[in-house]
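Reading the structure
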Amino acid sequence: MPETTTEQTGIRQLPMHVPTDGLPDRITVYEVGARDGLQNEKTVVPVEVKAEFLDRLADAGLATLEATSFVHPKWVPQLADAADLLERLDRRDGIDYPVLVPNERGLDRALDAGVRHIAIFASATETFARKNLNRTLDEQFTMFAPVVKRARGEGLRVRAYVSMAFGDPWEGAVPPAQVAAVGKRLVEMGCWQLSLGDTVGTGTPGHAEAVIDACVAAGIGTDALAVHFHDTYGQALANTLAALRCGVTTVDASAGGLGGCPYAASATGNLATEDLVWMLDGLGIAHGADLEALVATSAWMAGKLGRPSPSRVVRALNG
């Protein structure tokens, strides 16, 4: 057995816990690695690897694992095995396995698979709604309304992603009030949570505060908000900290920093779960995850994908 050096032992004792005022005591990490993290991979990941990935993430203490999407295989071939994955998966008590559904057909498939929590994917901008949903900004609500109504009638929880909430590569800056107006309609439709998505990673901390403040001014409580930051410009952790200071307690993250949006070429990886957990540990904020188990899981998946993990913490602790 290799000898453990003093330097390695010291690293494992870090980060030093130094709480600061104005932050929550505990947050929920909404893990999206198996869906958003893998959906843009060009090489199809075998279904048994995806199932093991989810099992390893559960072993690492994460209690919310977005498993897959029932999108048409033509649009996201990586997720064509959604039904097979859910059939193979050992869905554990106490672990939530939400799935993304694009429409009523996707909802039918989710219900057939015994899913109890779904997510829909809305746009904050006209152009992205047309490109991603083939609908106008207003028409998207007509598409989502029967999905949400049926899902709630079946006792399912419905989350709504609001993409391009911090900037659109075609339209540029997106007014926070426009994001809040989209979010309010989704909440009124019956969505229990909104995930505000920085799809191309252009947000900054003050911008994060402005979008959250606009949602609160529109009557959406911070308990109904989550944040989903991409790290294209290195701002994801700073933006997350700003959101926590505003009272948000659900943060989307992807193990190993995997992911991107297949419909927005400039969208690079998600906020890495390990990088988030390192910051939370330093701030003394509870989250339930085991950092070393997460690092081992992301290193394992990076090996399956044949490239190093983009997570800084994974590289530091697994170097």
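Attention in this report is confined to the structure presented alongside it. Small disclaimer: the values here were computed from a predicted structure and weren't measured. (Residues numbered from 1 in each chain as written. Predicted model: local features only at pLDDT ≥ 70, side-chain atom pairs only at ≥ 80, totals over all residues. Heavy atoms only, no water.)

**Points about the pairing of strand 8 (residues 225–229)**
Burial within strand 8 is extensive, with five of its five residues counted as buried. Because side chains alternate across strand 8, one face comprises the buried residues Leu 225, Val 227 and Phe 229, and the other comprises Ala 226 and His 228, equally buried. Of the pairings in the sheet, the one linking strand 7 (residues 193–198) to strand 8 comprises five bridges and is parallel in character. Across the sheet, residue Leu 196 finds its bridge partner in strand 8, namely Val 227. Handedness of the crossover joining strand 7 and strand 8 through helix 9 (residues 205–217) is recorded here as right-handed. (Buried < 20%, exposed > 50% of the residue type's maximum accessible area, 1.4 Å probe, protein only. Helix = DSSP H or I, 4+ residues; strand = E, 2+ residues; numbered from the N terminus. Pairing = 2+ DSSP bridges. Right-handed = clockwise from strand over helix to strand, strands pointing away.)

**A closer look at the packing of aromatic side chains**
Taken as a whole and assessed by the stated rule, the structure comprises three aromatic pairs. Between Phe 128 and Trp 170 the ring centres are 6.2 Å apart and the planes differ by 20°, which places this aromatic pair in the stacked class. Placement of Phe 128 in helix 6 (residues 126–133) and of Trp 170 in the loop between strand 6 (157–163) and helix 8 (176–189) is noted, with a sequence separation of 42 residues between them. Assessed through its relative accessible area of 0%, Phe 128 is described here as buried. With relative accessibility at 40%, the residue Trp 170 sits in the partly exposed group. Seen in terms of ring centroids, Phe 166 and Phe 229 are 5.4 Å apart; in terms of plane orientation they differ by 55°. Their pairing is tilted. Of the two residues, Phe 166 is situated in the loop between strand 6 and helix 8 and Phe 229 in strand 8; the sequence distance between them amounts to 63 residues. (Phe/Tyr/Trp six-rings, centres within 6.5 Å; stacked < 30°, edge-to-face > 60°.)

**Quick word on helix 11 (residues 273–283)**
Burial analysis of helix 11 places ten of its eleven residues in the buried class, which makes it a mostly covered element. The inward-facing, buried residues of helix 11 abut strand 1 (28–31), helix 10 (236–245), strand 9 (250–253), helix 12 (291–305) and helix 13 (312–317). One or two positions beyond helix 11, positive phi appears at Gly 284, with a value near 75°. (Contact = heavy atoms within 4.5 Å.)

**Digging into the nonpolar core**
Counting 92 residues, the largest nonpolar core has Phe 53, Val 99, Ile 118, Ile 120 and Leu 186 as its most contacted members. The biggest single contributor to this core is helix 3 (residues 47–59), with seven residues. Leave out the neighbours within four places in its chain, and Val 99 touches Ala 67, Thr 68, Phe 70, Leu 86, Ala 110, Val 115, His 117, Ile 118 and Ala 119. Val 32, Leu 100, Tyr 161 and Met 164 belong to the second largest nonpolar core, which has nine residues in total. (Core = buried A, V, L, I, M, F, W, Y, C linked by side-chain atoms within 4.5 Å.)

**Focus: the pairing of strand 6**
Of all the seven residues making up strand 6, six are buried; the element is thus mostly covered by neighbouring parts of the structure. Pairing geometry for strand 5 (residues 117–123) and strand 6, over seven bridges, is parallel. Residue pairing for strand 6: Phe 121 is matched across the bridge by Tyr 161. Here four bridges tie strand 6 to strand 7, and the two strands are oriented parallel to one another. Its bridge partner lying in strand 7, Arg 159 is registered against Gln 193. Each parallel crossover has a hand, and for strand 6 linked through helix 8 to strand 7 it is right-handed.

**Things to note about a nonpolar patch on the surface**
Residues Leu 14, Met 16 and Val 18 make up a contiguous nonpolar surface patch of about 320 Å² in total accessible area. Counting through the fold element by element, Val 18 comes out in the loop between helix 1 (6–12) and strand 1. (Patch = residues over 30% accessible without salt bridge, like charges linked within 9 Å, V, L, I, M, F, W, Y side chains within 5 Å. Areas by Shrake-Rupley, 256 points an atom, 1.4 Å probe, with all protein chains shown as cover. Salt bridge = Lys/Arg side-chain N within 4 Å of Asp/Glu carboxyl O.)

**Thoughts on the pattern of salt bridges**
Summed over all chains, the structure comprises 15 salt bridges. As a salt-bridge pair, Arg 159 and Asp 252 come within 2.7 Å of each other at their nearest N and O atoms. Highlighted residues: Arg 159 in strand 6 and Asp 252 in strand 9, separated in sequence by 93 residues. Here Arg 159 falls in the buried class, since its relative accessible area comes to 0%.

**What to know about helix 6**
By the burial criterion, the buried members of helix 6 are Phe 128, Ala 129, Asn 132 and Leu 133. Buried positions in helix 6, seen along its axis, are confined to an arc of 105° and lie on one side of it. Where helix 6 begins, the side chain of Thr 125 points an oxygen toward the backbone nitrogen of Phe 128, at a separation of 3.4 Å. Taken from the residues just after helix 6, Asn 134 is the one with a positive phi, measuring 60°. (Arc of directions from axis to C-beta. Polar contact = N/O pair within 3.5 Å; in protein donor to acceptor, adjacent residues only side chain to side chain.)

**Here we look at the packing of helix 11 against helix 12**
Between helix 11 and helix 12, the shortest axis-to-axis distance is 10 Å and the interhelical angle comes to 165°. Taken together, the axis directions place helix 11 and helix 12 in an arrangement best described as roughly antiparallel. Judged by the sense of rotation from one axis to the other, the crossing of helix 11 with helix 12 is left-handed. Contact residues: helix 11 offers Thr 273, Glu 274, Val 277, Trp 278 and Asp 281, while helix 12 offers Leu 291, Leu 294, Val 295 and Ser 298. Here the contact of helix 11 with helix 12 is composed, by residue class, of five nonpolar, two polar and two charged. (Axes fitted to C-alpha atoms, helices over the stretch in contact; angles between N-to-C directions. Parallel < 35°, antiparallel > 145°, perpendicular 65-115°, else oblique. Left-handed = near helix turned anticlockwise from the far one by under 90°. Nonpolar A, V, L, I, M, F, W, Y, C, P; charged D, E, K, R; others polar.)

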